[in-house]
Amino acid sequence: MAAESVSEHLARLFDGHAPRLYRLARRLSGDADAARDLVQEAFLRAARHAGRLPRDEAGGEAWLVRTLVNLCRDRWRREHVRRRRQPSLPAAQPVPDAEDTALARASVQQALAGLPPRQRAVVVLHEMEGLSSADIALLLGVAQVTVRWHLAAGRKRLRALLRPVTGGRP
Amino acid sequence: MSPRHQDDELRRRLRAGDPADDGREPDRAELLRWRRRMLDAAAERQRPALRPIWLAPLAAAALAATLLLTLPWRPAPPPSARPGNAPPSAPDAGRRDGMPAPAEMTAADATTPSQGFSRQATAALPEAMAQPLPAKTTAGPAAAAATPAVARRSVQFTAPGGTRIFWTLDSRLDLKTQGGAS
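Figured I'd write up the structure that's included with this text. Not measured: the values here are computed from a predicted model.

Now for the overall build of chain A. Along chain A, the regular secondary structure elements total seven helices and zero strands. Written out in order from the N terminus, the α and β elements of chain A read α-α-α-α-α-α-α. Across the 170 residues of chain A, 42% fall into the buried class. Expressed as a percentage of contacts within chain A between residues at least 6 apart in sequence, the contacts between residues at least 24 apart total 65%.

Structure representation (structure tokens):
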């Protein structure tokens with residue numbers, strides 16, 4: 001069987017991971033439009049650096065997730081700098097809505113936005129996507145102890161950020 | 001509440017308020033557009049790789065020829081006054097090692113193009129300049145002093161790709177009479 005071409009490899013990665021990457025980007029960025037941009041940019045980078053993509057499925061997925069997390073981090077840094085330069089702009093507030101789910105979603109989104117990018121990625125991958133610390137370590141290219149540290153710190157911070165909505169329950 | 005229960009409660013709240021469940025996921029048409037853009041970018045990335053290999057040195061050679069033909073230049077001193085006036089050596093593959101300085105180059109060097117792309121570059125030269133120059137006499141400095149001085153100018157430069165280009169110009173060259181490029 002002939003070796004898979006670059007286009008076939010990219011198409012296979014896209015078909016297998018694009019929807020999931022969007023959901024991850026949506027959780028990391030907190031904005032649907034930003035998530036769309038981030039996912040497209042991640043796959044465009046894969047196309048530009050196709051020679052560096054691992055050929056195996058797990059390696060390709062890890063490359064894409066890592067690229068997406070880095071893009072989210074870069075975006076977060078740019079927005080952080082912009083907020084520092086324009087302190088008069090109000091911070092994003094959850095929009096009051098009759099639906100509890102929409103309010104809960106807005107609260108979670110704002111709480112996640114309060115985490116540093118790497119910590120946010122670890123918490124999302126573990127708590128919302130159900131990955132183990134070992135899997136997260138492989139995906140992000142870090143040590144497991146680093147993942148556990150970020151997870152513990154992220155959980156503690158999220159409990160503090162989400163506490164006012166729960167009425168003070170720890 | 002125990003730490004484990006705290007973690008479970010946090011997980012429950014996060015999943016209940018999952019931002020990805022807002023119903024704004026891309027539909028199939030949008031995903032296909034993203035897929036097409038990615039594949040087009042990959043194809044575009046692979047396409048122009050072959051072009052610059054020979055084009056860049058050719059462009060550099062053409063630019064150098066234009067500059068040399070337009071810039072004023074003075075004839076080289078008589079052969080007897082030039083240091084290191086060695087008799088012409090046979091063309092050999094060792095020319096690539098320890099390239100001589102332009103002033104010391106002889107006609108034999110000019111007839112031996114450097115390796116690599118120079119065949120294509122030579123093919124693109126004006127017809128008159130592609131003709132080999134006559135070899136210098138091997139009689140030695142005394143005999144060379146008796147012959148009329150030939151004004152020659154040698155230029156060496158490096159193309160963007162790293163290829164070294166040597167040009168030896170003869171003052172007897174007349175593009176108009178030989179039908180060269182105007």
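As a further point, take the overall build of chain B. Looking only at helices and strands, chain B features seven helices and two strands. In chain B, the order of α-helices and β-strands from amino to carboxyl end is α-α-α-α-α-α-β-β-α. A burial count over chain B gives 28% of its 182 residues as buried. Considering only contacts within chain B whose residues lie at least 6 apart along the sequence, 57% involve residues at least 24 apart.

Residue and element names in this part refer to chain B. Judged by how many residues are buried, strand S2 (residues 164–170) sits mostly within the fold: five of seven residues are covered. Sheet analysis places strand S1 (residues 152–158) next to S2, joined by seven bridges and oriented antiparallel. Its bridge partner being in S2, Arg 153 is matched across the sheet by Leu 169. The hairpin formed by S1 and S2 contains five residues between the paired strands, and Gly 162 there has a positive phi angle of roughly 105 degrees.

Across the boundary between the two partners, chain B contributes 28 residues, which contact 39 residues of chain A. If you sort the residues of chain B by the area they bury against chain A, B:Arg13, B:Trp34 and B:Met38 come out on top, with a joint share of 19%. Taken together, chain B and chain A are joined by eleven salt bridges. Among the ionic pairs, A:Glu127 bridges to B:Arg11, the shortest N-O distance being 2.5 Å. Summed over the shared surface of chain B and chain A, the number is 17 residue pairs in polar contact (both at pLDDT 80 or more). Those elements giving two or more residues to the side of chain B that touches chain A turn out to be helix H1 (3–16) and helix H2 (28–46) of chain B.

For the rest of this paragraph, the subject is H1(B). Residues and elements named next belong to chain B. Between its first and last C-alpha atoms H1 spans 20 Å; for 14 residues at 1.5 Å apiece the expected length is 20 Å, and the two agree. If you check which residues of H1 are buried, you get Asp 7, Leu 10, Arg 13 and Leu 14. Angular distribution of buried residues about the axis of H1 spans 130 degrees; they occupy a single face of the element. Among the exposed residues of H1, those pointing more than 90 degrees away from its buried face are Arg 4 and His 5.

Now for a nonpolar patch on the surface. Residues and elements named next belong to chain B. On the surface, Ile 53, Trp 54 and Leu 55 cluster together into a nonpolar patch covering about 330 Å² of accessible area. Mapped onto the fold, Ile 53 is located in helix H3 (residues 52–70). Here Ile 53 falls in the exposed class, since its relative accessible area comes to 61%.

Moving on, we come to the packing of aromatic side chains. Residue and element names in this part refer to chain A. Across all of its chains, the model carries one aromatic pair over all chains by this definition. Residues Phe 14 and Phe 43 carry aromatic rings whose centres are separated by 4.7 Å and whose planes lie at 55 degrees to one another, so their mutual orientation is tilted. With Phe 14 in helix H1 (residues 6–29) and Phe 43 in helix H2 (residues 32–48), the pair connects residues that are 29 residues apart, well separated along the chain. Taken individually, Phe 14 and Phe 43 each receive the classification buried, so the pair is uniform in this respect.

This paragraph deals with the environment of A:Asp56. All names here are of chain A. Take Asp 56: it is sitting in the loop between H2 and helix H3 (57–85). Expressed as a C-alpha distance, the spacing of Asp 56 and Leu 13, which sit 43 residues apart in the sequence, is 9.9 Å. A polar side-chain atom of Asp 56 sits 2.8 Å from the main-chain amide nitrogen of Gly 59.

On to the packing of H1(A) against helix H5 (residues 117–128) of chain A, then. All names here are of chain A. Two elements in contact, H1 and H5, have axes separated by 10 Å at closest approach and are oriented at 125 degrees. Between H1 and H5, the angle falls in the class oblique. Seen along the crossing, H1 lies across H5 with a hand that is right-handed. Contact with H1, carried on its side by Arg 20, Leu 24, Arg 27 and Leu 28, involves Arg 120, Ala 121, Val 124, Leu 125 and Met 128 of H5 and no other residues of that element. Class assignment of the residues belonging to the contact of H1 with H5 gives a composition of six nonpolar, no polar and three charged.

About the cut-offs
- Residues numbered from 1 in each chain as written.
- Chains lettered and ligands numbered in written order.
- Predicted model: local features only at pLDDT ≥ 70, side-chain atom pairs only at ≥ 80, totals over all residues.
- Heavy atoms only, no water.
- Helix = DSSP H or I, 4+ residues; strand = E, 2+ residues; numbered from the N terminus.
- Buried < 20%, exposed > 50% of the residue type's maximum accessible area, 1.4 Å probe, protein only.
- Contact = heavy atoms within 4.5 Å.
- Pairing = 2+ DSSP bridges.
- Buried area = accessible area lost by both parts, 1.4 Å probe.
- Salt bridge = Lys/Arg side-chain N within 4 Å of Asp/Glu carboxyl O.
- Polar contact = N/O pair within 3.5 Å; in protein donor to acceptor, adjacent residues only side chain to side chain.
- Expected span 1.5 Å × (residues − 1).
- Arc of directions from axis to C-beta.
- Patch = residues over 30% accessible without salt bridge, like charges linked within 9 Å, V, L, I, M, F, W, Y side chains within 5 Å.
- Areas by Shrake-Rupley, 256 points an atom, 1.4 Å probe, with all protein chains shown as cover.
- Phe/Tyr/Trp six-rings, centres within 6.5 Å; stacked < 30°, edge-to-face > 60°.
- Axes fitted to C-alpha atoms, helices over the stretch in contact; angles between N-to-C directions.
- Parallel < 35°, antiparallel > 145°, perpendicular 65-115°, else oblique.
- Left-handed = near helix turned anticlockwise from the far one by under 90°.
- Nonpolar A, V, L, I, M, F, W, Y, C, P; charged D, E, K, R; others polar.

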